[in-house]
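Architecture and fold: a report
Now for the letters of each chain:
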Amino acid sequence: MNVGTLGECMSDSAVCTAAFFRSLGKDVATEKEFNMVVSLTLRWLPAKDAPGLVKALAADGCVSVKDGYIRPLIDIDSVTVPITYKLPDVLRERAADPAPKAPAAQKDLFETLIDMAVANGMTLKDFNAECRKAVKSLGVVPAVAGLLVLRDMGVDISAIYPEIDGYILSD
């Protein structure tokens, strides 16, 4: 096993990695085993956030994930782990939200579409109703449904092409 130095791995992540593998008693774990131990045995965070913790530890260079197996990249015996170790809030937050999500861009675009519809004489209630119909019948996301509704109204959307491109490319 190629063991790195602690300098390559952030301190909180190194302690978390060492605490996990010491409690497990092995130097390798499956992703499922990691999720179970972190959520049920150690009670650090909910099972849905455990994959985010693996990603955070891997991003910090403390573990490697390959073929469904997680291995430490640091010497866990050289890390001091407090007896009453609790997962730091920093890692808890990173695990809960490992990356910004695209729906925020979708919301911004949809708000722009609402403003355009209202400016062209459609009420908010009618616009939302038409968008819901399009989402349900065509199986598209609300932003695309809004674009279709505006097209059917004859609204020129060329002014927001860059925002539409950003939305499409963000996915």
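Look above for the structure.
The following paragraphs examine the structure supplied in this document. If you're wondering where the values come from, they're calculated on a predicted model, not measured in any experiment.

What to know about the overall build of the protein
Regarding its fold elements, the protein presents 8 helices and 3 strands. What you see in the protein, going N to C, is helices and strands ordered as α-β-α-α-β-β-α-α-α-α-α. The buried share among the 171 residues of the protein stands at 35%. Only carbon and sulfur atoms are counted for the fraction: they give 57% of the accessible area of the protein, which is about 10300 Å².

Brief notes about the pairing of strand 3 (residues 69-72)
Alternating residues of strand 3 divide into Ile 70 and Pro 72, all buried, and Tyr 69 and Arg 71, none buried. Relative to strand 3, strand 1 (residues 29-30) runs antiparallel, the two being bridged by 2 bridges. Paired with Thr 30 across the strands is Tyr 69, a residue of strand 3. Bridge count between strand 2 (residues 63-66) and strand 3: 4 bridges; the pairing is antiparallel. Looking at strand 3, one finds that Ser 64 is bridged to Arg 71.

What about the nonpolar core?
Grouped together as the largest cluster of nonpolar side chains are 28 residues, with contacts concentrated most on Phe 20, Trp 44 and Leu 53. Among the elements that make up this core, the one with the highest residue count is helix 1 (residues 11-24) (8 residues). The residues touching Leu 53, leaving out its near neighbours within four places in the chain, are Cys 16, Phe 34, Val 38, Trp 44, Leu 45, Leu 87, Leu 91 and Ala 95. Membership of the second largest hydrophobic core comes to 20 residues, among which are Ile 114, Ala 143, Leu 147 and Ile 157.

Observations regarding the side chain of Asp 60
Positionally, Asp 60 belongs in the loop between helix 3 (50-59) and strand 2. Within polar-contact distance, the side chain of Asp 60 engages the side chain of Arg 94 at 2.8 Å.

What to know about helix 1
Compared with an ideal rise of 1.5 Å per residue, which puts 14 residues at 20 Å, helix 1 spans 20 Å between its outermost C-alpha atoms and is within 8% of the ideal. Counting buried positions along helix 1 gives 10 out of 14 residues, so the element sits mostly inside the fold. Residues Ser 13, Ala 14, Val 15, Cys 16, Thr 17, Ala 18, Ala 19, Phe 20, Phe 21 and Leu 24 constitute the buried set of helix 1. Of the surrounding secondary structure, the elements contacted by the buried residues of helix 1 are strand 1, helix 2 (31-41), helix 3, strand 2, strand 3 and helix 4 (89-96). Positive backbone phi, at 80 degrees, marks Gly 25, one or two positions downstream of helix 1.

Some points on the environment of Arg 94
With respect to the helices and strands, the residue Arg 94 is situated in helix 4. Sequence-wise, Arg 94 and Asp 49 are 45 residues apart; in three dimensions their C-alpha atoms are separated by 9.1 Å. Residue contacts for Arg 94: discarding those within four places in its chain leaves Ser 13, Gly 52, Ala 56, Ala 59 and Asp 60. Reaching out from Arg 94, the side chain makes a polar contact with the backbone oxygen of Ala 56 at a distance of 3.3 Å.

Regarding a negative patch on the surface
Residues Asp 108, Glu 111, Asp 115 and Glu 163 make up a contiguous surface patch of negative charge. The topology assignment puts Asp 108 in helix 5 (residues 103-119).

Let's talk about the side chain of Asp 49
Following the sequence through the fold, Asp 49 ends up in the loop between helix 2 and helix 3. With relative accessibility at 10%, the residue Asp 49 sits in the buried group. For Asp 49, the residues in contact, after removing those within four places along its chain, are Ala 95 and Ala 96.

What counts and what doesn't
Residues numbered from 1 in each chain as written. Predicted model: local features only at pLDDT ≥ 70, side-chain atom pairs only at ≥ 80, totals over all residues. Heavy atoms only, no water. Helix = DSSP H or I, 4+ residues; strand = E, 2+ residues; numbered from the N terminus. Buried < 20%, exposed > 50% of the residue type's maximum accessible area, 1.4 Å probe, protein only. Areas by Shrake-Rupley, 256 points an atom, 1.4 Å probe, with all protein chains shown as cover. Pairing = 2+ DSSP bridges. Core = buried A, V, L, I, M, F, W, Y, C linked by side-chain atoms within 4.5 Å. Contact = heavy atoms within 4.5 Å. Polar contact = N/O pair within 3.5 Å; in protein donor to acceptor, adjacent residues only side chain to side chain. Expected span 1.5 Å × (residues − 1). Patch = residues over 30% accessible without salt bridge, like charges linked within 9 Å, V, L, I, M, F, W, Y side chains within 5 Å. Salt bridge = Lys/Arg side-chain N within 4 Å of Asp/Glu carboxyl O. Lys, Arg positive; Asp, Glu negative; His and termini not counted. Charge placed at Lys NZ, Arg CZ, Asp CG, Glu CD.

What is shown is where atoms sit, not what they do.
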